[in-house]
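Each chain is listed here by its residues.
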Amino acid sequence: MKYAVDRIDNEVATLESIIDGSKINILIKDIPFDIKEGDILVFDGEKYFKDDKLKNERIKNIREKMNRLISIKK
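An account of the accompanying structure is given in this report. (Residues numbered from 1 in each chain as written. Predicted model: local features only at pLDDT ≥ 70, side-chain atom pairs only at ≥ 80, totals over all residues. Heavy atoms only, no water.)

**Quick notes on the pattern of salt bridges**
According to the stated counting rule, one finds 6 salt bridges in the structure shown. Taking the shortest distance from any N to any O, the salt bridge between Asp 6 and Lys 23 comes out at 3.1 Å. Placement of Asp 6 in strand 1 (residues 2-9) and of Lys 23 in strand 3 (residues 23-27) is noted, with a sequence separation of 17 residues between them. Exposure remark for Lys 23: the relative accessible area of 47% places this residue in the partly exposed category. Among the charged side chains, a salt-bridge network with shared partners connects Asp 6, Arg 7, Asp 9 and Lys 23. (Salt bridge = Lys/Arg side-chain N within 4 Å of Asp/Glu carboxyl O. Helix = DSSP H or I, 4+ residues; strand = E, 2+ residues; numbered from the N terminus. Buried < 20%, exposed > 50% of the residue type's maximum accessible area, 1.4 Å probe, protein only.)

Written out as structure tokens, the structure is:
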């Protein structure tokens, strides 16, 4: 499963599935690396991994969509 880190409150991270939008909460202490909002995590059934390539692709796509919306409004 692939998740975007939606928010971090205290010691809990809320992850949103990038497939279906469902959300789960996990304890930050269960992640062996630092995370921040917007990071993409992949769960392989046993542990989480960060996917910076997918994160950068998603950011690029969002920026492109925003730029298209801005150009339509002008």
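**Observations regarding the packing of aromatic side chains**
Throughout the structure, instances matching the rule amount to 1 aromatic pair. An angle of 40° between the planes, with centres 4.6 Å apart, marks the rings of Phe 43 and Tyr 48 as tilted. The partly exposed category is assigned to Phe 43, whose relative accessible area is 26%. Classification of Tyr 48 as buried rests on a relative accessible area of 12%. (Phe/Tyr/Trp six-rings, centres within 6.5 Å; stacked < 30°, edge-to-face > 60°.)

**Things to note about unusual backbone geometry**
We note that Asn 10 has phi near 55°; this positive angle belongs to a residue other than glycine. When you line up the elements, Asn 10 lands in the loop between strand 1 and strand 2 (12-17). By relative accessible area, Asn 10 is classed as exposed at 75%.

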